[in-house]
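Chains, contacts and geometry: an overview
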Amino acid sequence: MSEPLVRLRGVEKHFGDLHVLRGIDLDVMRGEVVVLLGPSGSGKSTLCRTINALEGIDAGEIRIDGTPLPTTGAELARLRADVAMVFQSFNLFAHKTVLENVTLGPVRVRGLAPDDAADRALALLDRVGVRSQADKHPSQLSGGQQQRVAIARALAMDPKVILFDEPTSALDPEMVQEVLEVMLGLAQDGMTMLVVTHEMTFARRAAHRVVFMDEGRVVEEGSPADFFAHPATERARAFLSGRPRSPSTRAQR
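As the structure is a computational prediction, the values presented were derived from the model and not from experiment.

Calculation rules
- Residues numbered from 1 in each chain as written.
- Predicted model: local features only at pLDDT ≥ 70, side-chain atom pairs only at ≥ 80, totals over all residues.
- Heavy atoms only, no water.
- Phe/Tyr/Trp six-rings, centres within 6.5 Å; stacked < 30°, edge-to-face > 60°.
- Helix = DSSP H or I, 4+ residues; strand = E, 2+ residues; numbered from the N terminus.
- Buried < 20%, exposed > 50% of the residue type's maximum accessible area, 1.4 Å probe, protein only.
- Polar contact = N/O pair within 3.5 Å; in protein donor to acceptor, adjacent residues only side chain to side chain.
- Contact = heavy atoms within 4.5 Å.
- Pairing = 2+ DSSP bridges.
- UniProt positions renumbered as here; feature names shortened; annotations may be inferred.
- Axes fitted to C-alpha atoms, helices over the stretch in contact; angles between N-to-C directions.
- Salt bridge = Lys/Arg side-chain N within 4 Å of Asp/Glu carboxyl O.

1. Topic: the packing of aromatic side chains
Going through the model one piece at a time under the given rule, you end up with 3 aromatic pairs. Ring centres 5.9 Å apart and planes at 35° place the aromatic pair F212 and F227 in the tilted group. Taken together, the residues span a long stretch of sequence, with F212 in strand β9 (residues 209-214) and F227 in helix α8 (residues 224-229) at a distance of 15 residues. Take F227: its relative accessible area is 2%, and that puts it in the buried class. Residue class for F212 comes out buried when judged on its relative accessible area of 0%.

Dropping the structure here:
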């Protein structure tokens, strides 16, 4: 069996007295789409952010393609090129055009020639359906268009894996589907993806594996068919049915 592209072992993370990640073990294989599900505050986004070192960890180990996670300098910049991230709030540069947003990283980090970077950027903008917006600034775009630009920007780095942190949570409902369709296309093309989302339909359609988290722990994982039809734990069953956490459990947080 091949080595995982992303491997976490015993990962711990605190924010002050708050224990956010508790002994996380997780593998993501090449070409796999893993969807992280769980209630708000369960540690999903923090876990995502530790994988490209936006958050440090207190214990454990994270490896990308067999190499321990770097923490400083040029190696960290290369890591963030290999491990791209799409945020819920887009994080585009407001003062740059769409085309400039997508070409900046490949030129500065990957060393691509500006003309080559622009050609690739236009092809990627076409792929996500916003090539006609290339000369506009982010403020002139809808939220759905901005998020598709953010996905093109991530792809422009030719990453090994893309992390998606709640990519549709800031969008109006009518814009959600256009972004999910782009993500579904990436999944079908074999892109390695770790996706934090509440979009159950996407998880059912695109995920190879669903990982359910609660209170900083991985509670269970399995195929979408098994997880949605036969959740193994009471906590997952309650989450899927929309039942609130019991008072005794809430009091432990």
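2. Some details on the side chain of T103
With respect to the helices and strands, the residue T103 is situated in helix α3 (residues 98-108). The exposure class of T103 is buried, given its relative accessible area of 13%. A polar side-chain atom of T103 sits 3.4 Å from the main-chain carbonyl oxygen of E100. With residues up to four places along the chain from it excluded, the contact list for T103 reads A117, A118 and A121.

3. Details of the sheet that holds strand β2 (residues 18-28)
Strand order in this open sheet of 4 strands is β2-β1-β4-β5, and the pairing throughout is antiparallel. Each edge of the open sheet carries a strand with a single partner, namely β2 and β5 (67-68). Pairing geometry for strand β1 (residues 6-15) and β2, over 7 bridges, is antiparallel. Residue V11 lies in a different strand from β2, and its bridge partner there is I24.

4. Comments concerning the UniProt feature "domain: ABC transporter" (unreviewed entry) in the chain
When the UniProt feature table is mapped to this numbering, "domain: ABC transporter" (unreviewed entry) covers residues 6-240. Helix makes up 40% of residues 6-240 and strand 25%, with an end-to-end C-alpha separation of 27 Å.

5. Re the sheet that holds strand β7 (residues 161-165)
Pairing within the open sheet is mixed, and its 6 strands lie in the order β6-β7-β8-β3-β9-β10. Lying at the two open borders of the sheet, with one neighbouring strand each, are β6 (83-86) and β10 (217-222). Each strand of the sheet is rotated relative to its neighbour by a mean of 20°, with strand direction disregarded. As defined by bridge partners, β9 adjoins β10 across 5 bridges and the pair is classed as antiparallel. Bridging across to β10, M213 finds its partner in V218. Relative to the sheet, helix α1 (residues 44-51) contacts β3 (33-37), β6, β7, β8 (193-196) and β9, its axis offset from that of β8 by approximately 150°. Contacts between helix α6 (residues 173-188) and the sheet are confined to β3, β7 and β8, with β8 contributing the most and set at about 150° to the helix.

6. Digging into α1
Here α1 lies mainly inside the structure; 6 of its 8 residues are buried. Positive backbone phi, at 65°, marks A53, one or two positions downstream of α1.

7. Observations concerning the pattern of salt bridges
Counting across every chain of the model gives 16 salt bridges. R49 is the partner of E55 in a salt bridge, and the nearest nitrogen-oxygen pair spans 3.6 Å. A salt bridge links R110 to D82; its shortest N-O distance comes to 2.9 Å. Residue R110 is found in the loop between α3 and α4 (114-127), and its partner D82 is found in helix α2 (residues 73-82); the two are separated by 28 residues along the sequence. Residue classification places D82 among the buried positions, given a relative accessible area of 18%. Overlapping salt bridges, with partners in common, bring together E3, R7, R9 and D27 in one network.

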